[in-house]
Amino acid sequence: MNLAGDVGGTHARMGLFDGPNCVRRTTLDMAKLQSGEELTAAALEALGCDEIERACLAVAGPVLAGEARLTNHSMSFSGSTLRGELGAQEVVLVNDLVALGTAVAHGLADDAERFGGELRTSPDATRCVIAAGTGLGMGIVVGGRCLPSEGGHVRVAPAGAFERELMAYTEATLEEAQGVVAWEHYLSGRGLVNLYQAVCHVWDMPPADLSPEEIAARGLDVTDPTCHTTIETWAGMLGSAAGGLAVATMAVGGVWLAGAVPRALKPMLADRAFRRSFEAAAWAADFLPAVPVHLIEDDYAGLMGAGLIADGLD
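How each quantity is defined
- Residue numbers restart at each chain and count upward from 1, following the sequence in its written direction.
- With pLDDT at 70 or above as the cut-off, local features in this predicted model cover only qualifying residues; side-chain atom pairs require 80 or more to be listed or tallied, and sums for whole chains, interfaces and linings still use all residues.
- The basis for every side-chain value is the complete set of non-hydrogen atoms in the structure, without hydrogens or water.
- Whenever a helix is involved, its axis is fitted only over the stretch in contact; in every case the axis is a line through C-alpha atoms, and angles between N-to-C directions fall within 0 to 180 degrees.
- Put simply, DSSP marks the helices as runs of H or I at least four residues long and the strands as runs of E at least two long, and each gets a number from the N terminus on.
- Angle categories: roughly parallel below 35 degrees, roughly antiparallel above 145, roughly perpendicular from 65 to 115, and oblique for all the rest.
- What makes a crossing left-handed is the near helix being turned counterclockwise from the far one by less than a right angle; a clockwise turn instead makes it right-handed.
- The contact criterion used throughout is that any non-hydrogen atoms of two residues lie within 4.5 Å.
- Put simply, Ala, Val, Leu, Ile, Met, Phe, Trp, Tyr, Cys and Pro go in the nonpolar bin, Asp, Glu, Lys and Arg in the charged bin, and everything else, Gly too, in the polar bin.
- Salt-bridge detection follows one rule: a side-chain nitrogen of Lys or Arg within 4 Å of a carboxyl oxygen of Asp or Glu.
- Per-residue accessibility, obtained with a 1.4 Å probe over protein chains only, is compared with the maximum for each type, and a residue is labelled buried under 20%, exposed over 50%, and partly exposed between these values.
- With a 1 Å grid laid over protein atoms only, a set of points is called a cavity when a 1.4 Å probe fits there but cannot get out and a pocket when it is open yet has protein on both sides within 12 Å along at least five of seven lines; lining residues have an atom within 4 Å of a point.
- Grid points are joined across faces, edges and corners, and a volume is the space filled by probe spheres set on the points.
- Paired rings are identified among Phe, Tyr and Trp, the last through its six-membered ring, by centres lying within 6.5 Å, and are further divided according to the angle between planes into stacked (under 30 degrees), edge-to-face (over 60) and tilted (the rest).
- Criterion used throughout: strands pair if DSSP finds at least two bridges between them.

Axis separation between helix 6 (residues 189-202) and helix 8 (residues 225-249) bottoms out at 9 Å; the angle between their running directions is 120°. When the interaxial angle is binned, helix 6 and helix 8 end up oblique. In this structure, helix 6 meets helix 8 at a crossing whose hand is right-handed. Touching L192, L195, Y196, V199 and C200 of helix 6 are T226, C227, T229, T230, T233, W234 and M237, all from helix 8. For the contact of helix 6 with helix 8, the class distribution of residues is eight nonpolar, four polar and no charged.

Now the structure itself:
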């Protein structure tokens, strides 16, 4: 049996695999776990297994030389340490978007809803994946495999005077940004709160103490103009980030979106503002109007991709 995991800052989706097939799975609360070893021990207990042949953990953070640390959690991982703890033949650590991109590359997200562009089926076409949840991850799918990217941490490219005002406020006030406002500071769950607070500042409105879920609900309801402007701006910024990544990678095969934030704000993907920002994300990129954008709604797509990677370790 193989162990696979899709490990984020809030949840870890873990599965037991027989080859590429998931036979059991569980979801763990990351707030209750402190280390990679504690995570795998809890997963094996929940999955009812004590012998592992291979393992793949897809973690929401950069992976360098077999070591990884979650960007939005204190947990760190060592492939060699985990191999000893698990008694496994091999343990591989990959970025979580590599696992998601692997699922896309192998057709496990072909039922994702499409928002504009043309349907592309060529397996050779470059594609890219973007996941917005606790953080913001990106990956590039080329030739059947996914390359990691830390594009979510790239500085925001504001479009227009309003977005420049928002960014100036966030740059000056968000301590964690350290003077660099990245896409993740707006397009993640907590980023939605940052964006809302910036909109309130520019409009000279006192911000309410709202969660990301409340901002999304009020914005979609159109009962709160500030929240509605927040999610409209979010859609435009997501379009810019997705379009920019598509141009940088020549992803004519399409962009796949995933994560709790785009799922919660799904109606905004159908709004013309999203496609307009996507198609205007770069200069002299006449191919962008034909590039499709898809939304993956399956929470376990990344886990299935990690299972495929574990199965192919040899």
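Glancing now at the pattern of salt bridges. Applying the stated rule across the entire model yields eleven salt bridges. Where E171 meets R155, a salt bridge forms, and the shortest distance between an N and an O atom there is 3.1 Å. Here E171 is found in helix 4 (residues 160-173), whereas its partner R155 is found in the loop between strand 12 (145-149) and helix 4, with 16 residues between them in sequence. Residue classification places R155 among the partly exposed positions, given a relative accessible area of 41%. With a shortest N-O distance of 3.1 Å, R190 and E176 are connected by a salt bridge. Of the two residues, R190 sits in helix 6 while E176 sits in the loop between helix 4 and helix 5 (184-187), which places them 14 residues apart along the sequence. Taking relative accessible area as the criterion, E176 reaches 43% and is therefore assigned partly exposed. Salt bridges linked by common partners bring R13, R263 and D299 together as one network.

What follows concerns the layout of surface pockets. When its volume is computed, the largest pocket comes out at roughly 930 Å³. Among the elements that make up the lining of the largest pocket, the one with the highest residue count is helix 9 (residues 260-264) (four residues). Taken as a whole, the second largest pocket spans an internal volume of roughly 330 Å³. As for the second largest pocket, its lining consists of 17 residues, and the residues nearest its centre are V94, V98, R145, C146 and P148.

Moving on, we get to the packing of aromatic side chains. Summed over all chains, the structure comprises one aromatic pair. Between the aromatic rings of F274 and F278, the centroid separation amounts to 6.4 Å while the plane-to-plane angle is 25°, which identifies the pairing as stacked. Here the residue F274 and the residue F278 both occupy positions in helix 11 (residues 272-279), the gap between them amounting to four residues, near one helical turn. F278 gets classed as buried once you look at its relative accessible area, which sits at 0%.

Moving on to the sheet that holds strand 8 (residues 90-95). Taken in spatial order, the five strands make up an open sheet running 3-2-1-4-8, and their pairing is mixed. The open sheet has two edge strands with one neighbour each: strand 3 (21-29) and strand 8. In this sheet, adjacent strand axes meet at a mean angle of 15° when their direction is disregarded. Taken together, the six bridges between strand 1 (residues 2-7) and strand 4 (residues 54-59) define a ladder with parallel strand orientation. Counterpart to D6 in the pairing with strand 4 is A58. Set on the sheet, helix 2 (residues 79-86) makes contact with strand 1, strand 4 and strand 8; between it and strand 8 the angle comes to about 140°. Across the sheet, helix 12 (residues 301-311) lies against strand 1, strand 2 (11-18), strand 3, strand 4 and strand 8, angled at about 140° from strand 1, the strand it touches most.

Pairing between sheet strands relies on hydrogen bonds along the backbone, with the strands arranged either parallel or antiparallel. Strand order in the open sheet formed by six strands is 9-14-13-10-11-12, and the pairing between neighbours is mixed. Of all strands in the sheet, those with a lone pairing partner are strand 9 (113-114) and strand 12, marking the two edges. Together, strand 10 (127-132), strand 11 (136-142) and strand 13 (255-258) form the strand contacts of helix 8, whose direction differs from that of strand 10 by roughly 150°.

The buried fraction of strand 10 is high, at six of six residues. Residues of strand 10 alternate between two faces, with R127, V129 and A131 on one and C128, I130 and A132 on the opposite face, all of them buried. Here strand 10 pairs with strand 11 via six bridges, running antiparallel. The partner of R127 across the bridge, within strand 11, is V141.

The next point concerns the environment of T126. Looking at the element boundaries, T126 is found in the loop between strand 9 and strand 10. Using a relative accessible area of 15% as the deciding quantity, one classes T126 as buried. As a C-alpha pair, T126 and A216 span 90 residues in sequence and 32 Å in three-dimensional space. Other than its neighbours up to four places away in sequence, T126 contacts I140, V141, V142, T249, M250, A251, V252, G253 and G254.

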